[in-house]
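Each chain, written out:
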Amino acid sequence: MTIEEIERLLKIRLSEKRLHHVLEVRKQALKLAKIYKVDEQKAQLAALLHDITKEESEKRQLQKLTKSDIIFSEEILRTPAVYHAKTGMLFARDELGIKDEDILNAVSYHTTGRADMSLLEKIIFVADATSEERKYPGVKQLREASYHDLHRVILELTVGTLEKVVRVGSFLPLDTVQCYNEMLKLTVSQDDR
């Protein structure tokens with residue numbers, strides 16, 4: 001499937017507001033891909049697909065997760081906020097025929113993060129949280145920092161996610177905890193140099 005075909009598909013599947021977000025994430029992902037010398041075509045594709053199932057009902061997404069060939073953890077199955085990342089990966093793989101594991105992982109982990117993320121996964125994780133239309137406190141500083149220190153930005157974003165999840169009493173995906181631990185190690189060792 002070409003980029004143009006995916007753009008047309010997004011216009012059908014997503015609201016105008018969600019489509020705007022996806023296109024802004026693509027812009028940010030392409031900026032980061034240039035800086036970090038990641039395949040721009042893969043960054044563009046992962047960015048475009050990261051929210052492709054976001055507006056499907058929770059019930060439908062949960063059905064897709066439980067019927068898939070992948071066994072998802074109880075924490076994932078009990079956390080509707082992350083369903084779209086996993087169902088988006090399944091859609092890309094099963095409906096669009098995308099086989100590139102790096103792209104599929106970038107879609108799958110763009111919400112939770114995980115330990116041992118590839119550079120593409122890190123870029124999509126950060127681009128989703130720091131795209132130009134985002135308006136939360138500190139986003140401009142994170143966006144600027146992402147141009148020279150992805151690990152520190154991922155650590156800050158993960159801390160924010162963990163605080164929010166604990167505050168609302170939701171389940172904590174193990175991937176997010178492992179992402180936090182890895183980013184903490186990487187930034188502490190970077191500070192020690």
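Placed above this text is the structure.
Let me begin by describing the structure that accompanies this report.

### Side note on the pattern of salt bridges
Line of reasoning, step 1. Here the structure, examined in full by the defined rule, presents 15 salt bridges.
Line of reasoning, step 2. Notably, a salt bridge pairs Glu-132 with Arg-143, separated by 3.8 Å at the nearest N-O pair. You can see Glu-132 sitting in the loop between helix 8 (119-130) and helix 9 (139-146) and its partner Arg-143 sitting in helix 9, a full 11 residues away along the chain.
Line of reasoning, step 3. Classification of Glu-132 as partly exposed rests on a relative accessible area of 41%.

### A short note on the side chain of Arg-26
Line of reasoning, step 1. Along the chain, the position of Arg-26 falls in helix 2 (residues 16-36).
Line of reasoning, step 2. A relative accessible area of 15% places Arg-26 in the buried class.
Line of reasoning, step 3. A distance of 2.5 Å separates the side chain of Arg-26 from the side chain of Glu-7, its partner in a polar contact.
Line of reasoning, step 4. For Arg-26, the side chain forms a polar contact with the side chain of Gln-44, separated by 3.0 Å.

### A short note on helix 3 (residues 40-49)
A turn of α-helix holds 3.6 residues, and therefore any two residues three or four places apart point the same way.
Line of reasoning, step 1. Counting buried positions along helix 3 yields seven of 10 residues, so the element is predominantly enclosed.
Line of reasoning, step 2. Three or more residues of helix 3 are buried, namely Ala-43, Gln-44, Leu-45, Ala-46, Ala-47, Leu-48 and Leu-49.
Line of reasoning, step 3. Two to three positions downstream of the cap, the backbone nitrogen of Gln-41 sits 2.8 Å from a side-chain oxygen, assigning the N-cap of helix 3 to Asp-39.

### A closer look at the side chain of Thr-176
Line of reasoning, step 1. Mapping Thr-176 onto the fold places it in helix 11 (residues 174-191).
Line of reasoning, step 2. Within polar-contact distance, the side chain of Thr-176 engages the backbone oxygen of Thr-112 at 3.0 Å.

### Some details on the packing of aromatic side chains
Line of reasoning, step 1. Counted under the stated rule, the structure contains zero aromatic pairs.
Line of reasoning, step 2. Note that Arg-13 overlies the ring of Phe-91, its terminal NZ or CZ placed 4.4 Å from the centroid.
Line of reasoning, step 3. Between the NZ or CZ atom of Arg-114 and the centre of the ring of Tyr-109, over which it lies, the distance is 4.6 Å.

### Some thoughts on the nonpolar core
It is characteristic of soluble globular proteins that their nonpolar side chains tend to be buried jointly.
Line of reasoning, step 1. Membership of the largest hydrophobic core comes to 50 residues, with the highest contact counts inside it found for Leu-10, Leu-49, Ile-98, Ile-124 and Val-126.
Line of reasoning, step 2. The set of elements that each furnish at least two residues to this core consists of helix 1 (3-13), helix 2, helix 3, helix 6 (83-94), helix 7 (101-108), helix 8, helix 10 (150-168) and helix 11.
Line of reasoning, step 3. Broken down by element, the residue count for this core peaks at seven residues, all from helix 8.
Line of reasoning, step 4. Apart from the residues lying within four places of it in its own chain, the contact partners of Leu-10 are Leu-19, Val-22, Leu-48 and Ile-52.

### Regarding helix 10
Line of reasoning, step 1. Along its 19 residues, helix 10 runs 27 Å from first to last C-alpha, staying within 8% of the 27 Å computed at 1.5 Å per residue.
Line of reasoning, step 2. Every buried residue belonging to helix 10 is among Leu-150, Val-153, Ile-154, Leu-155, Leu-157, Thr-158, Leu-162 and Val-165, and all of these are buried.
Line of reasoning, step 3. Downstream of helix 10 by one or two residues, Gly-169 has phi in the positive range, about 75°.

### Comments concerning the environment of Val-82
Line of reasoning, step 1. With respect to the secondary-structure elements, Val-82 resides in the loop between helix 5 (74-77) and helix 6.
Line of reasoning, step 2. A C-alpha to C-alpha distance of 9.1 Å links Val-82 and His-110, two positions 28 residues apart in sequence.

Cut-off values and rules
- Residues numbered from 1 in each chain as written.
- Predicted model: local features only at pLDDT ≥ 70, side-chain atom pairs only at ≥ 80, totals over all residues.
- Heavy atoms only, no water.
- Salt bridge = Lys/Arg side-chain N within 4 Å of Asp/Glu carboxyl O.
- Helix = DSSP H or I, 4+ residues; strand = E, 2+ residues; numbered from the N terminus.
- Buried < 20%, exposed > 50% of the residue type's maximum accessible area, 1.4 Å probe, protein only.
- Polar contact = N/O pair within 3.5 Å; in protein donor to acceptor, adjacent residues only side chain to side chain.
- Phe/Tyr/Trp six-rings, centres within 6.5 Å; stacked < 30°, edge-to-face > 60°.
- Lys NZ or Arg CZ within 6 Å of the ring centre and 35° of its normal.
- Core = buried A, V, L, I, M, F, W, Y, C linked by side-chain atoms within 4.5 Å.
- Contact = heavy atoms within 4.5 Å.
- Expected span 1.5 Å × (residues − 1).

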